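Analysis of the macromolecular model
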Amino acid sequence: MRLWPQPIASSQRWRADPAMLGNSLLLLAALAGAVLLFRHSDAAAEAPKSQLQVASLSLIFLALAAMGRLLLVSVDQDIVTLQRLLDNLALYAGLPLLVTAALAMAMGWYWSKAGWGRWLLALFALFELCRRMGLGEDYTLWLSVVMAVVLLVVAWRQQGTLSRLATAIAAPLLLLSISAPALMVAELADTARLLAQAIAILLLSHALLQQNPRTLPTQ
């Protein structure tokens, strides 16, 4: 499964890459969400503060991957490997972290920084295990499905109609942005997939910002 556009020669990159607009919008959406969530965490209580900061970190991972697809234009093998690492970091760590943080906030859970660190290591280990077993494509599909289902649970648990609607819309958009080739008969353009992910990030960031941190208990 081709998750992201492959690098092309730098002399043709800005003219020929149809996903340039999508990557640019994804970069802006991720950076905007990361900044807003981090700033909002300053005024939050202990439990939602950690969740918002983790969500902000996850968006930084997504921003780094998008920035790499825009700037790492060389076909040198080292550059290609670096871009693949950034893409894997965004897809297999950043997005699951973001969804987990949203679930924790919706359920009123509190994890310490050490707990979040162990969860991040578990995500790395699970990805590496599936990769070594040759289950990369299946893992990507099931991960996207699980994240979409979790977001629907988050939408059900959130406060406010607008927050619920935003999260519910973000769920299928995130699913399509990752696994459209496996779910659709006709291939979805890279630009459309990146745009769908950018919109999903903005919607989910908005929903998280609208949650009242005073209603979340600290354990």
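Residues numbered from 1 in each chain as written. Predicted model: local features only at pLDDT ≥ 70, side-chain atom pairs only at ≥ 80, totals over all residues. Heavy atoms only, no water.

**Details of the overall build of the protein**
Within the protein, the regular secondary structure consists of 8 helices and 0 strands. Ordered by position from the N terminus, the helices and strands of the protein form the series α-α-α-α-α-α-α-α. Of all 219 residues assigned to the protein, the portion counted as buried reaches 47%. Of the contacts formed within the protein by residues at least 6 apart in sequence, a portion of 72% connects residues at least 24 apart. For the protein, the accessible area works out to roughly 10900 Å², and carbon and sulfur atoms hold 67% of it. (Helix = DSSP H or I, 4+ residues; strand = E, 2+ residues; numbered from the N terminus. Buried < 20%, exposed > 50% of the residue type's maximum accessible area, 1.4 Å probe, protein only. Contact = heavy atoms within 4.5 Å. Areas by Shrake-Rupley, 256 points an atom, 1.4 Å probe, with all protein chains shown as cover.)

**Here we look at the packing of helix H7 (residues 161-183) against helix H8 (residues 190-210)**
Where H7 contacts H8, the two axes come as close as 8 Å, and the packing angle between them is 150 degrees. Classified by the angle their axes make, H7 and H8 are roughly antiparallel. In terms of crossing hand, the pair formed by H7 and H8 is left-handed. Contact with H7, carried on its side by Ser 163, Ala 166, Thr 167, Ile 169, Ala 170, Leu 173, Leu 174, Leu 176, Ser 177, Ile 178, Ala 180 and Pro 181, involves Arg 193, Ala 196, Gln 197, Ile 199, Ala 200, Leu 203, Leu 204, His 206, Ala 207 and Gln 210 of H8 and no other residues of that element. Of the residues that constitute the contact of H7 with H8, the class distribution is 15 nonpolar, 6 polar and 1 charged. (Axes fitted to C-alpha atoms, helices over the stretch in contact; angles between N-to-C directions. Parallel < 35°, antiparallel > 145°, perpendicular 65-115°, else oblique. Left-handed = near helix turned anticlockwise from the far one by under 90°. Nonpolar A, V, L, I, M, F, W, Y, C, P; charged D, E, K, R; others polar.)

**Comments concerning the side chain of Thr 100**
Inspection of the secondary structure assignment puts Thr 100 in helix H4 (residues 77-107). The buried category is assigned to Thr 100, whose relative accessible area is 13%.

**Some points on the environment of Ala 198**
Here Ala 198 lies in helix H8. A relative accessible area of 4% means that Ala 198 is categorised as buried. Distance from Ala 198 to Leu 27, taken between C-alpha atoms, is 7.9 Å for residues 171 residues apart in sequence. Residues contacting Ala 198, with those up to four places away along its chain left out, are Leu 25, Leu 26 and Ala 29.

**Considering the packing of aromatic side chains**
For any pair of aromatic rings, the description consists of the separation of the ring centres together with the inter-plane angle of the planes. Counted according to the given criterion, the structure contains 3 aromatic pairs. Relative to Phe 127, the ring of Tyr 92 has its centre 4.3 Å away and its plane inclined at 25 degrees; by these criteria the two rings are stacked. With Tyr 92 in helix H4 and Phe 127 in helix H5 (residues 113-132), this residue pair connects regions lying 35 residues apart in the sequence. Take Tyr 92: its relative accessible area is 6%, and that puts it in the buried class. Between Trp 111 and Trp 116, the aromatic rings sit 4.5 Å apart at their centres with planes inclined by 50 degrees, giving tilted as the arrangement. By relative accessible area, Trp 111 is classed as partly exposed at 29%. One aromatic cluster is present, formed by Tyr 92, Phe 127 and Tyr 139 through successive ring pairs. (Phe/Tyr/Trp six-rings, centres within 6.5 Å; stacked < 30°, edge-to-face > 60°.)

**So, the packing of helix H2 (residues 20-41) against H8**
Relative orientation of the contacting elements H2 and H8 amounts to 10 degrees, with a least axis distance of 8 Å. On the basis of the axis angle, H2 is roughly parallel to H8. As for how H2 packs across H8, the hand of that crossing is left-handed. For the pair H2 and H8, the contacting residues are Gly 22, Asn 23, Leu 25, Leu 26, Ala 29, Ala 30, Gly 33, Leu 36, Leu 37 and His 40 in the first and Thr 191, Leu 194, Leu 195, Gln 197, Ala 198, Ile 201, Leu 202, Ser 205, Leu 208 and Leu 209 in the second. Grouping the amino acids of the contact of H2 with H8 by side-chain chemistry returns 13 nonpolar, 7 polar and no charged.

**Section: the confidence of the model for the protein**
The predicted model of the protein averages 84 in pLDDT, with 84% of residues at 70 or higher. Mean pLDDT across the elements of the protein ranges from a minimum in helix H1 (residues 10-16), with 41, to a maximum in helix H6 (residues 136-157), with 94. The low-confidence segment residues 1-16 (pLDDT under 50) makes 38 contacts with residues lying over four places distant or belonging to another chain. (pLDDT = per-residue confidence, 0-100.)

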